[in-house]
Amino acid sequence: GENVEQHPSTLSVQEGDSAVIKCTYSDSASNYFPWYKQELGKRPQLIIDIRSNVGEKKDQRIAVTLNKTAKHFSLHITETQPEDSAVYFCAASNRGTSYGKLTFGQGTILTVHP
Amino acid sequence: ETGVTQSPTHLIKTRGQQVTLRCSSQSGHNTVSWYQQALGQGPQFIFQYYREEENGRGNFPPRFSGLQFPNYSSELNVNALELDDSALYLCASSSTGGRYEQYFGPGTRLTVT
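Residues numbered from 1 in each chain as written. Chains lettered and ligands numbered in written order. Predicted model: local features only at pLDDT ≥ 70, side-chain atom pairs only at ≥ 80, totals over all residues. Heavy atoms only, no water.

S.K.: So what exactly am I meant to see when it comes to the overall build of chain A here?
M.R.: In terms of helices and strands, chain A carries zero helices and eleven strands. Secondary structure of chain A in N-to-C order comes out as β-β-β-β-β-β-β-β-β-β-β. Relative to the 2.2 N^0.38 estimate, which gives 13 Å for 114 residues, the radius of gyration of chain A is 14 Å and therefore close to what a compact globule would have. Reported as C-alpha extents along the three principal axes, the dimensions of chain A are approximately 45 × 30 × 20 Å. The buried share of chain A, taken over its 114 residues, is 47%. Within the structure as shown, chain A displays about 5,600 Å² of accessible surface, and the carbon and sulfur contribution to it stands at 47%. Positive and negative charge centroids in chain A, built from 12 and 12 side chains respectively, lie 7 Å apart. (Helix = DSSP H or I, 4+ residues; strand = E, 2+ residues; numbered from the N terminus. Rg over C-alpha atoms; globule rule 2.2 N^0.38 Å. Buried < 20%, exposed > 50% of the residue type's maximum accessible area, 1.4 Å probe, protein only. Areas by Shrake-Rupley, 256 points an atom, 1.4 Å probe, with all protein chains shown as cover. Lys, Arg positive; Asp, Glu negative; His and termini not counted. Charge placed at Lys NZ, Arg CZ, Asp CG, Glu CD.)

S.K.: Explanation requested: the state of the cysteines in the structure shown.
M.R.: Every disulfide links exactly two cysteines, by a covalent bond between their sulfur atoms. All chains considered together, the criterion is met by two disulfides over all chains. At a sulfur-sulfur separation of 1.9 Å, the disulfide partner of A:Cys23 is A:Cys90. Around the S-S axis, the bridge from A:Cys23 to A:Cys90 shows a dihedral of about -100 degrees and counts as left-handed. With A:Cys23 in strand β3 (residues 19-25) and A:Cys90 in strand β9 (residues 86-92), this pair connects stretches of sequence that are 67 residues apart. Side by side, A:Cys23 and A:Cys90 carry an identical accessibility label, which is buried. There is a disulfide in this structure between B:Cys23 and B:Cys91, and the S-S distance comes to 2.0 Å. (Disulfide = S-S within 2.5 Å.)

S.K.: Would you mind showing me how to read the sheet that holds strand β6 (residues 56-59) of chain A here?
M.R.: For sheets, the rule is that strands pair by backbone hydrogen bonds, running either parallel or antiparallel. All names here are of chain A. Taken in spatial order, the five strands of this open sheet run β1-β3-β8-β7-β6, and their pairing is antiparallel. This sheet does not close on itself; its edge strands, each paired only once, are β1 (4-7) and β6. The mean inter-strand angle of the sheet, taken between neighbouring strand axes irrespective of direction, is 15 degrees. (Pairing = 2+ DSSP bridges. Axes fitted to C-alpha atoms, helices over the stretch in contact; angles between N-to-C directions.)

S.K.: Help me understand the nonpolar core, please; the structure alone is not making it clear to me.
M.R.: The nonpolar side chains of a soluble globular protein tend to be buried, and buried together. With 24 residues, the main nonpolar core has A:Trp35, A:Phe73, A:Leu75, A:Tyr88 and A:Leu110 as its most contacted residues. Elements represented by at least two residues in this core include exactly β2 (10-14), β3, β4 (32-38), β5 (45-51), β7 (62-67), β8 (72-77), β9 and β11 (108-113) of chain A. In this view, A:Leu110 contacts A:Leu11, A:Val13, A:Ala19, A:Ile77, A:Asp84, A:Ser85, A:Ala86 and A:Tyr88; residues no more than four positions away in its chain are not counted. Core analysis: the second largest hydrophobic core is formed by 20 residues, B:Val19, B:Val32, B:Phe64 and B:Leu81 among them. (Core = buried A, V, L, I, M, F, W, Y, C linked by side-chain atoms within 4.5 Å. Contact = heavy atoms within 4.5 Å.)

S.K.: What's the story with the pattern of salt bridges in this structure? I'm lost.
M.R.: When their charged atoms lie close together, side chains carrying opposite charge are able to pair. Tallying each qualifying case throughout the model produces eight salt bridges over all chains. With its nearest N and O atoms 2.9 Å apart, the salt bridge here joins A:Asp49 to A:Lys57. In this structure A:Asp49 comes out as buried when scored by relative accessible area, which is 7%. Judged by its relative accessible area of 36%, A:Lys57 is partly exposed. Among the charged side chains, a network of salt bridges with common partners joins B:Arg63, B:Glu82 and B:Asp85. (Salt bridge = Lys/Arg side-chain N within 4 Å of Asp/Glu carboxyl O.)

Shown next as structure tokens:
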């Protein structure tokens, strides 16, 4: 089955800096890669996603890149703010199968210092 | 915020007991997936229900079972609770068999003592 590795496990940055979180996946059939943000005690919130026919996607301060050959994808947050502090999870799934099971990485705790 | 709701918010059970958790999907969504999130870990897929039938299952034993109702709400049942079942249980709502974006509910925190 699919295996998703996520790095780093913790990331500390100063407000205004950029943050990058990287994930690798094992199943070459995976074709959908969402990113979730989970604040303490709250639900995972979908913040951005990318499909395998696209190499990069941006939404304001957030961007995701995908390298299908190397089987890795990354989340980039620019101009970080204290409210960006949370746990971030990457995930992968194969939308061509009969169901879209999400396989998650282990999470990255991002702390943005004012 | 999504329109996905879960109940109860918290639950404490004793080892060996049975528990039922509930999820109401977002309007327009016909698919519910259940995930278990242990402390400090990413969510793990338990199973998915699409049009009232189980549509895929992760590596969880048969004592984890579910139902989906005609209004697309869903239940997760766990029998013979074990200490390791203590976790946050999340449901995710989506359309068309989960092949599109999945939106999570707030979760049910289950503690087994």
